[in-house]
Structures are given as structure tokens and as C-alpha cells.
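What follows is the residue order along each chain.
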Amino acid sequence: MPANPPYVFSAMRAYLTRRLVHSIIIIIGISMVVFIISRITGDPVSIMVDFTTPQEDREIIRKELGLDKPIPVQYLIFLMNAAKGDFGNSIRYEEPALDLVFQRIPATLRLLVFTIGWSLILAIPIGIISALKRNSLFDLMGMAFTFIGQSIPSFWLGIMMIMIVGVRFQLLPISGYGDGDIAHIIMPAITLGAFGMASFARITRSSMLAVLDSDYIQTARAKGLRETFVVIKHALRNALIPIVTILGLQIAGLLGGAVITEQIFAYPGVGWLAVQSIYNRDFPVIQAIVMVVSIGVVATNFLIDIIYTLIDPRIRYDKGK
Amino acid sequence: MIKGSNVLRKMRGNKMILFSSIILVITVLVGTFANLIAPFSPYHQELENKLKPPLWRGAGTRIHFLGTDHLGRDVLSRIIYGVRVSLLIGILAVTISAIFGIFLGLIAGFYGGIFDDIIMRIADVQLAIPLILLAIAVIVVLGSNVNVLILVIGLTQWMAYARMVRGETLSLREKDFIMSAYAVGASDLRIILRYIFPNTLASLMVLITLNMALVIVLEAGLSFLGLGIQPPEPSLGTMLSESKNYISRAWWLSTFPGLTIMIIIMGINLFGDGLRDVLDPRLENY
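Residues numbered from 1 in each chain as written. Chains lettered and ligands numbered in written order. Predicted model: local features only at pLDDT ≥ 70, side-chain atom pairs only at ≥ 80, totals over all residues. Heavy atoms only, no water.

K.L.:
Even after reading the chapter, I still don't get the overall build of chain A, so can you show me in this structure?
P.N.:
Summing up its helical and strand segments, chain A has 12 helices and zero strands in all. Across its three principal directions, the C-alpha atoms of chain A cover 85 × 60 × 30 Å. When burial is assessed residue by residue, chain A has 48% of its 321 residues classed as buried. In chain A, 72% of the contacts between residues at least 6 apart in sequence involve partners at least 24 apart. Per element, the accessible surface of chain A, about 16100 Å² overall, is 67% carbon and sulfur. On chain A, the mean spot of the 27 positive side-chain charges and the mean spot of the 22 negative ones are 14 Å from each other. (Helix = DSSP H or I, 4+ residues; strand = E, 2+ residues; numbered from the N terminus. Buried < 20%, exposed > 50% of the residue type's maximum accessible area, 1.4 Å probe, protein only. Contact = heavy atoms within 4.5 Å. Areas by Shrake-Rupley, 256 points an atom, 1.4 Å probe, with all protein chains shown as cover. Lys, Arg positive; Asp, Glu negative; His and termini not counted. Charge placed at Lys NZ, Arg CZ, Asp CG, Glu CD.)

Printed below as a string of C-alpha cells:
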């Protein structure tokens with residue numbers, strides 16, 4: 001492969017800079033959304049204290065939090081504190097909210113890695129084989145399987161697995177984290193990944209079909225290259241681009257799904273903390289979770305932008321917004 | 001532009017649409033006539049008959065076809081009313097998000113510039129916040145009831161509509177027939193309503209169908225977390241969440257409500273796939 005001329009790198013740098021600025025704007029937007037939600041009722045103190053708290057105490061808290069200042073000033077105070085990692089203390093645990101969230105992140109990350117891992121490992125081969133053997137029995141079964149995967153509500157799949165695999169046959173533990181062993185993560189990962197696996201398989205199939213029909217694949221074949229070589233070297237590389245796109249789009253969905261999955265399996269991750277915080281009406285923690293998770297989504301998408309520039313040469317030269 | 005008769009003929013010939021239509025018609029009939037079909041009131045308790053298995057498992061009582069729950073309520077009746085709730089919330093939420101999204105998408109695509117920038121950045125922000133977390137934050141502040149639920153779901157789904165309508169508007173805006181409409185002095189509003197919007201309908205119908213499936217699952221998921229429909233109101237998600245406590249004793253409590261959701265979602269997805277094949281083959285990757 002010839003070395004890239006210098007202007008390619010400057011184009012890449014310009015593209016990535018643009019994406020970085022975009023990411024920062026989005027994060028500021030997210031902070032606004034979080035701020036606005038905390039002010040919907042007009043009185044954020046009411047979601048922080050018990051309803052028995054006397055009026056005088058409420059006034060004191062209001063002063064302390066700067067709630068007597070104009071709204072834009074309040075937002076700036078909120079933004080400055082958030083930038084320092086200060087979302088206030090958890091109402092339930094009386095610890096900094098952000099610390100509580102960070103304690104739970106490793107468990108959720110682990111769940112995500114396993115989930116994305118198994119779904120890609122299963123989905124990509126299903127998609128490729130279905131595309132290569134279009135309209136075969138394998139293709140038909142594969143598409144039926146993925147159709148079910150896309151239609152089955154994840155929480156129901158989780159409950160059914162607990163009932164059959166966990167309770168009836170007692171093959172796997174039905175809840176908790178254990179000591180971080182694989183057994184505790186299998187069922188949550190299947191629950192969380194079923195939908196994504198089905199989508200990945202379908203996208204792989206349709207983008208493989210599109211690529212296999214294209215001129216340059218026909219050319220590669222005409223040159224007499226071996227079919228496996230054509231598929232792996234030429235077709236798959238291009239078919240991967242939509243998969244990366246879908247992965248980026250699904251990250252937010254996966255993190256949302258993790259809330260439900262962690263609740264079903266009492267898996268002690270960020271999602272579980274979020275649901276616990278609802279019952280405790282622990283708004284500072286929820287605020288911290290929304291911020292941290294959303295920034296995670298933005299960061300992942302920025303990472304994906306970088307991956308794009310590596311796998312899709314077209315982007316290096318020009319890509320608008 | 002969609003040619004009505006042509007599309008109908010194609011739809012009749014499409015097996016996916018035919019089969020899924022049957023499922024959907026039954027679902028809508030069940031939801032609409034829940035009060036006539038359900039053998040019991042969804043609130044009716046028979047404490048002496050609690051946790052009875054379905055009819056065919058012998059030990060059950062004759063009249064409770066799918067068994068009873070921990071309060072002796074008829075599972076079948078609660079599922080039937082649950083379908084009504086799912087459909088109602090699904091339709092309302094999708095209507096809100098579609099209207100909102102189409103409006104913003106048309107403005108962003110047609111006027112471009114600063115409108116486009118602002119609307120699309122707001123969409124990006126919302127797309128970055130996992131919907132369930134956003135819903136949790138809003139519901140903790142506002143409390144959980146049906147109206148909040150519909151509003152939350154409705155206001156978190158508009159982005160897909162806005163993006164699609166914007167994209168179509170952008171490409172339509174450059175077309176000759178729009179240019180000639182300008183040339184004869186048609187107003188912006190007339191061009192948007194008469195020429196642009198109708199041309200987005202085909203893709204919109206596919207999107208609305210697939211979005212309906214998503215919204216119904218979302219409602220069930222939020223109710224499952226205790227954030228949606230509150231007991232004793234019948235909802236498929238709430239039934240599933242209650243069933244967790246009886247998982248080793250009463251399999252029917254978790255099996256049937258979930259199966260119902262799955263059949264509805266399959267019907268909708270199949271219909272959406274069929275519709276896409278007929279109306280807009282370009283959308284295959286959605």
C-alpha cells in the first residue's frame with residue numbers, strides 16, 4: 001500500500017477536530033437537559049428533602065444551593081460543579097454521588113464487553129454465510145432466528161431463562177455478581193445482547209449482499225482470485241463499515257437495556273444503581289448517572305469516528321456533517 | 001409519489017403483510033373490545049383461587065383458562081386489558097413523536113441553516129442519553145402516571161422521524177418539480193404541504209410501524225421497572241414484574257404476558273418489513 005500523502009493526514013486531523021468540537025457541544029447539551037429536568041417542578045428542593053421538612057429548613061437549603069439566584073447563573077454553577085465532578089451527595093448513602101457511580105462502572109463495562117463480544121461473534125458469521133448462501137435453508141433459518149431475536153422483549157427473555165435455566169435445571173446462578181465469574185454473567189449478557197445480535201446479523205447479511213454484487217468484487221473474481229480470499233479480503237472489509245455504524249447507534253440502547261437487565265438479575269452495575277435510586281428518590285445519583293453514561297456514549301461515538309477514518313479511506317478526504 | 005392502487009395490489013400479494021395483518025387485526029380487535037371479550041374484570045380477585053395453573057394443567061379451576069395470579073385475578077382477562085393499554089399508549093406516544101419529528105424535520109430540511117443546526121444538535125443530544133435513563137430522571141421528578149409515561153416516550157422518539165424527513169426534504173428540495181413550483185410563485189407552506197410532505201409518506205409509514213414496536217416494548221420495560229403503569233392497572237410489563245416473585249411456583253404468570261408482547265411485536269415487525277419491501281426498498285438497512 002502506498003504511503004498516504006501529507007494532505008491526507010491534515011484532512012483527517014480536520015475531520016477529527018470537527019468531530020471533537022461536535023462531541024463537546026453535545027456534552028454541554030446533555031448537561032442542559034439534566035439541569036432542566038432537575039428544574040421541571042420549579043422547586044428542586046422538593047426532590048431532595050422529605051415532605052416533612054419545615055419551610056425554614058427548605059429556605060436554608062435553597063440559599064446553600066444558590067437557588068435564589070437567576071436560572072442562567074444556577075446553570076453555570078451546576079456546570080462548574082459538574083466539571084469538577086461534583087453532583088452533590090447521595091441522599092441515601094450520604095457519599096458523593098459520582099463516587100457511587102464510579103464504583104459500579106466496572107461491573108457494567110464487563111457486562112457490555114461480554115454482550116457485544118458474543119453478539120458479534122455469532123452475528124458476523126451468520127450474516128456472512130446467509131449472504132453467501134442466499135435463499136438456502138441456512139439463510140432462511142438464520143433470518144427466522146434473527147427475526148425472533150429482534151422481536152423478543154429482553155426482560156421476558158431474562159425471566160424465561162431464570163425460570164428454565166436457573167430455577168428448573170439449576171445450571172446457572174440467577175442473580176448477583178458472584179466474585180466476577182463467568183457463570184454470573186452468561187444470562188445477563190444473553191438477555192442484553194439478543195436484540196443487538198439479531199440486528200448485527202441482519203446488517204452484515206444485507207451489506208454483504210450489496211458488496212458481493214458490486215463491480216470490484218466481480219472484478220476480483222474475474223481475476224481468478226479464490227472465493228474465500230475475495231470474501232475475506234475484499235467483501236468483509238467493506239461490509240464491516242455499516243456494522244461499526246450500527247454499533248455506534250446501539251451503544252445508547254445497550255446502556256439503556258443494561259438498566260433493565262441489571263434489575264432482572266440483581267447485577268450490581270450502574271443500571272441497578274439507577275433503579276435503586278428511583279426507589280430512594282436519590283436525584284443527585286440519577287443526575288450523575290445520566291451525565292456519566294451519556295458522556296460515555298458520546299466518547300464511544302468519537303472513538304467510532306476514529307475507527308471510521310482507519311477503515312474507510314473516503315472519510316479521510318471529505319466528510320461533511 | 002405513492003400510487004394507491006398499485007401499492008394495494010402489491011400489498012395483497014405480499015405474504016408477510018397478509019400474515020402479519022391477521023395478527024394485527026386480532027390484536028386491535030382484542031384491545032378495542034377488551035371489555036366484551038375478557039371473561040372477568042381485570043381487578044376481580046378470588047383469594048381462595050390464587051395461583052391456579054392454566055386449565056389444561058388439571059389442578060386449575062375450570063373458568064380461568066390461563067390460570068390466576070397471586071391475588072386470584074384471571075390472567076387471561078388481565079392480558080386482554082393489558083393489550084388495550086399497550087396499544088393505547090403505543091398509538092398516543094407514536095402520534096406525539098411523529099407529529100413533533102415530522103414538523104421539526106420539515107423545518108430543518110427546508111429552511112436549513114441555523115434551524116437545521118439547532119434541531120439536529122438537539123436530536124444528537126437526545127440520542128446520546130439512553131432513553132430509559134432519561135425516562136427515569138423525568139419520572140423521579142414528575143412522578144409516574146400514564147400521562148407522564150406517554151409524554152416521556154413521545155418526546156424521546158421524535159429524532160428518528162426528524163432525521164428521516166429532513167434527509168428526504170433535503171433531496172426533494174433540489175428536484176425540478178419543486179423548482180417549478182417556486183417559479184409559479186407557490187408559497188413555502190404550499191410547497192411543503194403539497195409537494196414535499198406527501199413524498200415522505202412512504203418512508204414515514206415504514207418508520208411509524210417499526211417505531212410502534214419499539215414504543216410498545218419500551219412501555220412494557222418501563223412498567224416492568226415500576227415506572228410506567230402502576231398496579232393494580234393491568235399492563236403486560238407490570239404483570240411480568242409481579243411474576244418475578246412467583247417464578248418457581250407459577251410459570252404461567254411470566255410466560256403468557258411475555259408471549260403476548262412477543263407475538264404483537266412480531267406482527268408489527270413483519271408488517272413493517274413487508275411494507276418496506278412494497279413501499280420503499282431503499283430502506284433495507286434501517
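Next comes the rest of the write-up.
K.L.:
Which parts of the structure should I look at to understand the nonpolar core?
P.N.:
The tendency in soluble globular proteins is for nonpolar side chains to be buried as a group. Grouped together as the largest cluster of nonpolar side chains are 141 residues, with contacts concentrated most on Ile-30 and Ile-289 of chain A together with Ile-136 of chain B. For this core, the element with the highest residue contribution is helix H10 (residues 188-224) of chain B, accounting for 16 residues. Counting contributing residues, this core receives three or more from each of domain 1 (5-83) and domain 2 (102-311) of chain A. In this structure, Ala-201, Ile-203, Val-231 and Leu-236 of chain A belong to the second largest nonpolar core, which totals 22 residues. (Core = buried A, V, L, I, M, F, W, Y, C linked by side-chain atoms within 4.5 Å. Domains from an automatic or database assignment.)

K.L.:
Just checking my understanding: could you explain the interface of chain A and chain B for this structure?
P.N.:
One frequent convention defines the size of an interface as the accessible area lost when the parts assemble. The partner chain B presents 42 residues to the 47 residues of chain A that form the contact. When chain A packs against chain B, the two sides together hide about 4000 Å² of surface, and 81% of this comes from carbon and sulfur. Along the contact surface separating chain A from chain B lie one salt bridge. Residue Asp-273 of chain B pairs with Arg-202 of chain A through a salt bridge whose shortest N-O separation is 3.7 Å. Here chain A is connected to chain B by seven residue pairs in polar contact (both at pLDDT 80 or more). (Buried area = accessible area lost by both parts, 1.4 Å probe. Salt bridge = Lys/Arg side-chain N within 4 Å of Asp/Glu carboxyl O. Polar contact = N/O pair within 3.5 Å; in protein donor to acceptor, adjacent residues only side chain to side chain.)

K.L.:
Would you mind going over the packing of aromatic side chains with me for this structure?
P.N.:
Each aromatic ring pair is summarised here by two numbers: the centre-to-centre distance and the angle between the ring planes. Counted by the stated rule, this structure contains 10 aromatic pairs over all chains. On the numbers, 5.4 Å between centres and 75° between planes, the contact of Tyr-177 of chain A with Tyr-267 of chain A is edge-to-face. Residue Tyr-177 of chain A is found in the loop between helix H6 (154-168) and helix H7 (183-212), and its partner Tyr-267 of chain A is found in the loop between helix H9 (227-264) and helix H10 (270-279); the two are separated by 90 residues along the sequence. With a centroid separation of 5.8 Å and 55° between ring planes, the pair formed by Trp-251 of chain B and Phe-256 of chain B is classed as tilted. Looking at Trp-251 of chain B, the relative accessible area reads 26%, which means it is partly exposed. In this structure Phe-256 of chain B comes out as buried when scored by relative accessible area, which is 12%. By the ring-pair criterion, three or more aromatic residues cluster together here, those being Phe-35, Tyr-75 and Phe-78 of chain A. Taking the ring centre of Tyr-93 of chain A as reference, the NZ or CZ of Arg-92 of chain A above it sits at 5.2 Å. Cation over ring: Arg-168 of chain A sits above Phe-169 of chain A, and NZ or CZ is 5.3 Å from the ring centre. (Phe/Tyr/Trp six-rings, centres within 6.5 Å; stacked < 30°, edge-to-face > 60°. Lys NZ or Arg CZ within 6 Å of the ring centre and 35° of its normal.)

K.L.:
Can you help me understand the domain arrangement of chain A in this one?
P.N.:
Residues and elements named next belong to chain A. Split by domain assignment, chain A resolves into domain 1 (5-83) and domain 2 (102-311). Counting from both sides, the interface comprises 16 residues of domain 1 and, opposite them, 13 residues of domain 2. Both sides together, the interface formed by domain 1 and domain 2 hides about 1400 Å², and carbon and sulfur atoms give 80% of it. At the junction of domain 1 with domain 2, the criterion picks out one salt bridge. Taken together, the links from domain 1 to domain 2 amount to one residue pair in polar contact (both at pLDDT 80 or more). Here the side of domain 1 that touches domain 2 takes 13 residues from helix H1 (residues 6-38), the largest share from any one element. Within the side of domain 1 that touches domain 2, the residues separate by chemical class into 11 nonpolar, four polar and one charged. (Nonpolar A, V, L, I, M, F, W, Y, C, P; charged D, E, K, R; others polar.)

K.L.:
Where do I start with the packing of H9 of chain A against helix H6 (residues 131-142) of chain B in this structure?
P.N.:
Geometry of a packed helix pair, given as the angle between the helix axes and the separation of the axes. Remark: H9 of chain A packs on H6 of chain B, axes separated minimally by 6 Å, with the N-to-C direction vectors making an angle of 65°. With respect to their mutual orientation, H9 of chain A and H6 of chain B come out roughly perpendicular. In this structure, H9 of chain A contributes Gly-256, Val-259 and Ile-260 of chain A to the contact, and H6 of chain B contributes Ile-132, Leu-133 and Ile-136 of chain B. Residues of the contact of H9 of chain A with H6 of chain B, tallied by class, amount to five nonpolar, one polar and no charged. (Axes fitted to C-alpha atoms, helices over the stretch in contact; angles between N-to-C directions. Parallel < 35°, antiparallel > 145°, perpendicular 65-115°, else oblique.)

K.L.:
Even after reading the chapter, I still don't get the environment of Ile-162 of chain A, so can you show me in this structure?
P.N.:
Structurally, the position occupied by Ile-162 of chain A is in helix H6. Residue classification places Ile-162 of chain A among the buried positions, given a relative accessible area of 6%. Sequence-wise, Ile-162 of chain A and Leu-172 of chain A are 10 residues apart; in three dimensions their C-alpha atoms are separated by 8.4 Å. Not counting residues up to four positions away in its chain, the partners in contact with Ile-162 of chain A are Val-167, Ile-174, Met-187, Ile-264 and Phe-265 of chain A together with Ile-247 of chain B.

K.L.:
Looking at this structure, how should I read helix H3 (residues 71-83) of chain A?
P.N.:
Residues three or four positions apart in an α-helix share a direction because the helix packs 3.6 residues into each turn. Residues and elements named next belong to chain A. Between its terminal C-alpha atoms H3 stretches 18 Å, which fits the 18 Å expected from 13 residues at 1.5 Å a residue. All buried positions along H3 are accounted for by Gln-74, Tyr-75, Phe-78 and Ala-82. Here the buried residues of H3 occupy an arc of 100° about the axis, which is enough to place them on one side. For H3, exposure combined with an orientation more than 90 degrees from the buried face picks out Pro-72, Leu-76, Met-80 and Ala-83. Trailing H3 by a residue or two, Gly-85 shows a phi angle of about 85°, which is positive. (Expected span 1.5 Å × (residues − 1). Arc of directions from axis to C-beta.)

K.L.:
What is the right way to read the packing of helix H8 (residues 215-222) of chain A against H9 of chain A from this model?
P.N.:
Residues and elements named next belong to chain A. Where H8 meets H9, the closest approach of the two axes is 10 Å, and the angle between their N-to-C directions is 160°. Looking at the two axes, H8 sits roughly antiparallel to H9. For the pair H8 and H9, the crossing hand works out as right-handed. Touching Tyr-216, Ile-217, Ala-220 and Arg-221 of H8 are Glu-227, Val-230, His-234, Ala-235 and Asn-238, all from H9. Class assignment of the residues belonging to the contact of H8 with H9 gives a composition of five nonpolar, two polar and two charged. (Left-handed = near helix turned anticlockwise from the far one by under 90°.)

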